[in-house]
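What the coordinates show
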Amino acid sequence: MTVTMLEGQGLPVPVRLDADRWATRRVRRRVLAVVHTVTSGRRLLDTVRLLADDWRVQVFFTAAPDVFHCGVADFLAELKGVVLPWSQAVQTVFDLAVAAGHGGLHELHAPVVVLPHGAGHNKVVPGGPRGRAVAAPGVYGLSRQRLVRDGVLVPETIVLAHHDELERLRRACPEALPAAEVVGDPCHDRVVASGPARALYRQALRTGAGERLVLVCSTWGPGSLLAGGGRELIESLVTELPPGHRVAALLHPHVWHTHSEWQVRNWFAGLGRRGLCVVDHRADWVGALVAADFVVGDHGSVSLYAAMTGAPVLLARLPDADVDPGSPLAELGTFAPRLRVGRPVLPQLTHAAAAYRPEPYARVAARITSEPGRFARNMRALLYRKLRLRAPGPVPAERPAGLPRVLTYDEPGSVVS
């Protein structure tokens, strides 16, 4: 049963001042996982699982303020951990806090470790929230606007995936450079670990032997594939591709939680009954990426991770204003072919396959992390150094992704998983 504290109630046993009187197990360190969005929460699980076998440590969760907070309460409930309301989390002292977002972190009473919530730092975002002075646009996660509050650097540690990001951080926020630590990228490592299970992922996506799977990936927002002709593009793929092709749609969790799961399911109901495979957002997305023969994407992180897989990446949308020109995603955009809405899709896929060259993709993939296969080792070492504890036992091995799930559209008006 999930222990969720409601506003106005007292603190649960593990964080009460008199906890020793009530708790079965006395813990030596308390860690707070600060969940801003479902996406950032999933990234944090890659970190807190590294503490799984340590009986000296207890992990707590809280939902931090964020415009994309929808879905966070359900996500936390499924974890079945101790969930503190934000008002109590900011009044409680913790030995460490980990986050993959920035809102409200200055209110915490704990040293804060901040991780990226996607593939590095690629997106350019507006300079400041309402009610505060607006600075120039900056790269999310690297800009001073989000790292510094009232002249003070908020995070004690800034986790980076690649050494190249150190120079980008130095240009954007030089006072943050001493806090940066290159650790690696957990999703990169999971994609690699999942490669041998490709046949199982294809089977889960109902892709037969000899069929070619076209995975359409959309991030969120006005600049995304889904916002800019995505519905028409997906319909063209479903309608025009001959037998031997399978089309799947993978949408950013923000799409599901902003518009609601009911609405997204029903938007795709007609296409689902015509053969479109809609990937359930609650399952691991990595398997769907590993299974693909073609990836059609935009400026989301999945398009960048796709550069690792050996599949041609076609970009249906890449808004220049939203992408940092020095990022690996921008480099991907210099050679990945465009998939044009309104033009026959099969010749475009055929041309992309014929023109595919592994070298530029490998160059971009190498920019995702400079610590390939070492996120778990490096992140675990960082956590225990911050907690001032000796790490117990060996580093857990990277596990392959779980099987993706798809929505099933049986009768008109019915949608089931």
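For the structure itself, consult the block above.
A few points on the structure.

What follows is about the overall build of the chain. Secondary structure summary: the chain contains 18 helices and 17 strands in total. For the chain, with 417 residues in total, the buried portion stands at 54%. Across the chain, the fraction of contacts at a sequence separation of at least 24, relative to all contacts at a separation of at least 6, is 70%. Surface accessibility of the chain: about 18600 Å² in total, with carbon and sulfur atoms responsible for 55%.

To continue, consider the side chain of histidine 254. Relative to the helices and strands, histidine 254 resides in helix α10 (residues 253–259). Setting aside chain neighbours within four positions, we find histidine 254 in contact with Thr37, Thr39, Phe68 and Trp220.

All right, on to the side chain of serine 327 then. Structurally, serine 327 is set in the loop between β17 (313–315) and α15 (328–333). At a separation of 2.7 Å, a polar atom in the side chain of serine 327 contacts the main-chain carbonyl oxygen of aspartate 324. Residue contacts for serine 327: discarding those within four places in its chain leaves His121, Asn122, Arg168 and Arg367.

The subject of this paragraph is the environment of leucine 177. With respect to the helices and strands, the residue leucine 177 is situated in the loop between α6 (164–172) and β12 (180–182). Of the residues examined, leucine 177 reaches a relative accessible area of 29% and is grouped as partly exposed. Through-space distance from the C-alpha of leucine 177 to that of leucine 142 is 10.0 Å; in sequence the pair is 35 residues apart. If we ignore the near neighbours within four places in the chain, the residues touching leucine 177 are Leu166, Leu169 and Arg170.

Attention now goes to the pattern of salt bridges. Pairing is possible between side chains that carry opposite charge, provided their charged atoms lie close to one another. Here the structure, examined in full by the defined rule, presents 22 salt bridges. Linking arginine 198 and aspartate 293 is a salt bridge whose minimum nitrogen-to-oxygen distance equals 3.0 Å. Of the two residues, arginine 198 sits in helix α8 (residues 198–204) while aspartate 293 sits in the loop between α13 (286–291) and β16 (294–297), which places them 95 residues apart along the sequence. You can call arginine 198 partly exposed: its relative accessible area is 28%. The closest approach of N and O atoms between glutamate 261 and arginine 282, which form a salt bridge, is 2.9 Å. With glutamate 261 in helix α11 (residues 261–267) and arginine 282 in the loop between β15 (277–278) and α13, this residue pair connects regions lying 21 residues apart in the sequence. Look at arginine 282 and you get partly exposed, because its relative accessible area is 39%.

With that settled, consider the nonpolar core. Counting residues in hydrophobic clusters, the biggest one holds 40 residues, and the most contacted among them are Leu205, Leu215, Trp285 and Leu289. Elements represented by at least two residues in this core include exactly α7 (186–194), β13 (212–218), β14 (245–251), α13, α14 (301–305), β17, α15 and α17 (358–365). Looking at which element gives the most residues to this core, the answer is α13, with five residues. Every residue in contact with leucine 205, bar those within four places of it in the chain, is listed here: Leu213, Arg246, Cys277, Val279, Ala288, Ala291, Pro404 and Val406. With 30 residues, the next largest nonpolar core counts Val38, Leu115, Leu382 and Leu387 among its residues.

Moving on to the sheet that holds β13. Read from one edge to the other, the open sheet built from five strands follows the order β15-β14-β13-β16-β17, with strand pairing classed as parallel. At either margin of the open sheet sits one strand with a lone partner, and together these are β15 and β17. Lying on the sheet, helix α16 (residues 345–355) is in contact with β13, β14, β16 and β17; it crosses β17 at an angle near 130°.

For any pair of aromatic rings, the description rests on two quantities: the centre-to-centre distance and the angle between the ring planes. Taken as a whole and assessed by the stated rule, the structure comprises five aromatic pairs. Centre to centre, the rings of phenylalanine 68 and tryptophan 220 are 4.7 Å apart; their planes meet at 65°, and the pair counts as edge-to-face. Note that phenylalanine 68 is positioned in the loop between β3 (57–63) and α3 (72–79) and tryptophan 220 in the loop between β13 and α9 (226–240), a separation of 152 residues in sequence. Owing to a relative accessible area of 33%, tryptophan 220 belongs among the partly exposed residues under this scheme. When the ring of phenylalanine 335 is compared with that of tyrosine 361, the centres are 5.0 Å apart and the planes differ by 80°; the resulting orientation is edge-to-face. With a gap of 26 residues between them, phenylalanine 335 in the loop between α15 and α16 and tyrosine 361 in helix α17 connect regions that are remote in the sequence. Judged by its relative accessible area of 4%, tyrosine 361 is buried. Among the aromatic residues, those joined into a cluster by ring pairs are Phe335, Tyr356 and Tyr361.

Before going further, it helps to examine α17. Structural remark: α-helix, 3.6 residues per turn; residues separated by three or four positions point the same way. Within the span of α17, buried status applies to Pro360, Tyr361, Val364 and Ala365. Considered in projection along α17, the buried side chains sweep an arc of 140° and stay on one side of the axis. Among the structural elements, α7, α14, β17 and α15 are those in contact with the buried residues of α17.

Cut-offs and rules
- Residues numbered from 1 in each chain as written.
- Predicted model: local features only at pLDDT ≥ 70, side-chain atom pairs only at ≥ 80, totals over all residues.
- Heavy atoms only, no water.
- Helix = DSSP H or I, 4+ residues; strand = E, 2+ residues; numbered from the N terminus.
- Buried < 20%, exposed > 50% of the residue type's maximum accessible area, 1.4 Å probe, protein only.
- Contact = heavy atoms within 4.5 Å.
- Areas by Shrake-Rupley, 256 points an atom, 1.4 Å probe, with all protein chains shown as cover.
- Polar contact = N/O pair within 3.5 Å; in protein donor to acceptor, adjacent residues only side chain to side chain.
- Salt bridge = Lys/Arg side-chain N within 4 Å of Asp/Glu carboxyl O.
- Core = buried A, V, L, I, M, F, W, Y, C linked by side-chain atoms within 4.5 Å.
- Pairing = 2+ DSSP bridges.
- Axes fitted to C-alpha atoms, helices over the stretch in contact; angles between N-to-C directions.
- Phe/Tyr/Trp six-rings, centres within 6.5 Å; stacked < 30°, edge-to-face > 60°.
- Arc of directions from axis to C-beta.

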